[in-house]
Amino acid sequence: MLLLTVAATAQYRVPYQSTLESPTVESMRETVGLLINRDLLGRAPGSDGEKEAAAYFRERLVAEGIDVLSPEGGDVFGMTLESGDTLISRNVVGYIPGTDKSLAGHFVVIGARLDNLGSYSMTVDGESRKVFYPGAVGNASGVAVLVELARQIHTNSALCRRSVMIVGFGASTANFAGAWYFINRSYGKDTAIDAMLNLDMVGREGDEFYAYTSSNQDMDGYVEALKNTLQPIYPATVTWEPYPSDHRAFYAAEIPSVMLTSGRYPEHNQTKDVEDILDYEKMEKVLEYAYNLSLSIINSGQTPSFREDPETLAKKSRSDAGQGIYAFTEVDYKPTFLGSSNPADFLEKWVYRYLKYPKEAVDAGVHGTVFVNFIIEPDGNVSSVEVEKSVSEALDAEAVKVVAASPKWKPAYVNGKKVRCALTVGVEFRLAKGGGFGINGIVIKKKN
């Protein structure tokens, strides 16, 4: 009789912790619980699990009274892989209108990826079993915070000057395909998107919390301004990218962006990425910070710039006049990009990730290597970007644009002092057979 009582109590008991939690944490637990449920099998791009995650995200937005721009099944798109297979995924887009007549036609996009790595089969004692990647931190945590952030912004929409799009991105782990599709096929081309905020992996236990702005000065300014106010948590503004995510597609479209993340963690991309390693108290703090950061961008009277204005650059150039410039081979300690002094790593980790092949060059069959000169300043910024050896006007301009947008380097040193260092890199544009090109082997197309 005693054993039966204990069993029944264990089966139906409510965790003691939940009785002490805020409604916001309880709501986030609900979202995480749904997304990491075994039935979704890790939410692989194009899977039924990802589709169910998108449907749930849509239901949550509707339940909060937020207008959803996507149809019932989401904003569907197809991805043709190198194998020739077609993978179907979807975005879900919510809309919160702004109240300022002069700014309501401008948008701030706030998003999080819905998908994860999915599952795989393994044989145990002769039996085939499905093993899946729950993705509690990556990125059930980001989606859970996004749902609550959408609710808060909608509740206080009267405070919002700009309009807001709340986006659950599909197929992010497949080269950020959902974000690319959103910008290039759904809304970006015809919509004034002023900025993007990306929530990815925000719930890992520990003190780590970062704001990555790709060294955009205006986005840095929003983050720095909040450091002078009372916040529940403060991110470290970093020039290195903690994790590649959907903000990359926006940056490639020259839309200022910031990613909030707790960064990589030991259980990243493992089956151990389960709810037990989440810190809901931290997620609640991240939520409050993200809300305040969002409002500061949404209500700013200035549109964030992707690059410094010419006048600022001219002043910087004049102030630097007379400083010696050292060749890359002349310095005691070479400048480094993301921990490497090899220029090839700069090309691989930055330039080729953001480089776009201009359509007119593709149509004309133009290809070749553009040699670009630039200076790495003592503060780590890149300046004086110019073409050393040209291929064509279109390819030259694209190479200069991507190099000029580089995040900060660690500067060169001579005699223990930071110095200006000149560097030349060769940016290769190479057409695939048949005259086409893709994004790391993936071609994205509209699903009719």
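Since the model is a prediction, treat every value here as computed from it, not as a measurement.

(A) Quick look at the overall build of the protein chain. Broken down by element type, the protein chain carries 12 helices and 17 strands. When the 448 residues of the protein chain are sorted by exposure, 50% land in the buried category. Taking all contacts inside the protein chain whose residues are at least 6 apart in sequence as the whole, residues at least 24 apart take part in 80%. When the accessible surface of the protein chain is split by element, carbon and sulfur atoms take 50% of a total near 21,000 Å².

(B) Region of interest: the confidence of the model for the protein chain. The predicted model of the protein chain averages 87 in pLDDT, with 88% of residues at 70 or higher. Contacts for the low-pLDDT stretch residues 1-18, under 50 throughout, to residues beyond four places or in other chains number 2 contacts. Note that pLDDT drops below 50 for residues 434-448; the model gives that stretch 31 contacts with residues more than four away or on any other chain.

(C) Here's a closer look at the pairing of strand S16 (residues 417-429). Relative to S16, strand S12 (residues 325-327) runs parallel, the two being bridged by 3 bridges. Within S16, the position partnered with Ile325 by the bridge is Arg420. Sheet topology note: the strand S13 (residues 368-376)/S16 ladder contains 9 bridges and is antiparallel. Bridge assignment links Gly368 to a residue of S16, and that residue is Phe429.

(D) Spotlight on the nonpolar core. Phe57, Ile110, Ile153, Ile166, Leu199, Leu260 and Leu293 are the most contacted members of the largest nonpolar core, which has 62 residues in total. When sequence neighbours within four positions are dropped, the list of residues in contact with Phe57 reads Val92, Leu114, Val143, Leu146, Val147, Ile166, Val167 and Gly168. With 37 residues, the next largest nonpolar core counts Ala252, Ala361, Val372 and Cys421 among its residues.

(E) Structural detail: helix H3 (residues 48-63). With 16 residues, H3 should cover 22 Å at 1.5 Å per step; its first-to-last C-alpha distance of 22 Å lies within 8% of that length. By the burial criterion, the buried members of H3 are Gly49, Glu50, Ala53, Ala54, Tyr56, Phe57, Arg58, Arg60 and Leu61.

(F) Spotlight on the pairing of strand S6 (residues 127-132). As paired elements, strand S5 (residues 119-124) and S6 share 6 bridges and run antiparallel to each other. Residue pairing for S6: Ser119 is matched across the bridge by Phe132. Between S5 and S6, which pair antiparallel and follow one another directly, the connecting turn spans 2 residues, one of which, Asp125, has a positive phi of 55 degrees.

(G) Seen up close, the packing of aromatic side chains. Across all of its chains, the model carries 19 aromatic pairs by this definition. Each ring, one from Phe346 and one from Trp409, has its centre 4.9 Å from the other, and the planes form 50 degrees; the classification is tilted. With Phe346 in helix H10 (residues 343-354) and Trp409 in the loop between helix H12 (393-404) and strand S15 (412-414), this residue pair connects regions lying 63 residues apart in the sequence. Look at Phe346 and you get buried, because its relative accessible area is 0%. You can call Trp409 buried: its relative accessible area is 5%.

(H) Inspection of the environment of Ser157 at higher detail. Mapped onto the fold, Ser157 is located in the loop between helix H4 (136-155) and strand S7 (163-169). C-alpha separation for the pair Ser157 and Leu295, spaced 138 residues apart in sequence, amounts to 9.9 Å. The residues contacting Ser157, other than those within four sequence positions of it, are Ile96 and Thr99.

(I) Inspection of the packing of H4 against helix H8 (residues 280-298) at higher detail. Running from N to C, H4 and H8 point in directions that differ by 50 degrees, and their axes come no closer than 10 Å. Comparing the axis directions of H4 and H8 gives the class oblique. For the pair H4 and H8, the crossing hand works out as right-handed. Touching Ser141, Ala144, Val145, Glu148, Leu149, Gln152 and Ile153 of H4 are Met283, Leu287, Ala290, Tyr291, Ser294 and Ile298, all from H8. Here the residues of the contact of H4 with H8 sort into 9 nonpolar, 3 polar and 1 charged.

(J) Looking closely at the packing of helix H6 (residues 217-226) against H8. Running from N to C, H6 and H8 cross one another at 125 degrees; their axes reach a closest spacing of 10 Å. Judged by the inter-axis angle, H6 sits oblique to H8. Relative to H8, the crossing made by H6 is right-handed. Together, Met219, Tyr222, Val223 and Leu226 of H6 and Tyr289, Asn292, Leu293, Ser296 and Ile297 of H8 make up the contact between the two elements. Along the lines of polarity and charge, the residues of the contact of H6 with H8 split into 7 nonpolar, 2 polar and no charged.

Quick notes on the rules
- Residues numbered from 1 in each chain as written.
- Predicted model: local features only at pLDDT ≥ 70, side-chain atom pairs only at ≥ 80, totals over all residues.
- Heavy atoms only, no water.
- Helix = DSSP H or I, 4+ residues; strand = E, 2+ residues; numbered from the N terminus.
- Buried < 20%, exposed > 50% of the residue type's maximum accessible area, 1.4 Å probe, protein only.
- Contact = heavy atoms within 4.5 Å.
- Areas by Shrake-Rupley, 256 points an atom, 1.4 Å probe, with all protein chains shown as cover.
- pLDDT = per-residue confidence, 0-100.
- Pairing = 2+ DSSP bridges.
- Core = buried A, V, L, I, M, F, W, Y, C linked by side-chain atoms within 4.5 Å.
- Expected span 1.5 Å × (residues − 1).
- Phe/Tyr/Trp six-rings, centres within 6.5 Å; stacked < 30°, edge-to-face > 60°.
- Axes fitted to C-alpha atoms, helices over the stretch in contact; angles between N-to-C directions.
- Parallel < 35°, antiparallel > 145°, perpendicular 65-115°, else oblique.
- Left-handed = near helix turned anticlockwise from the far one by under 90°.
- Nonpolar A, V, L, I, M, F, W, Y, C, P; charged D, E, K, R; others polar.

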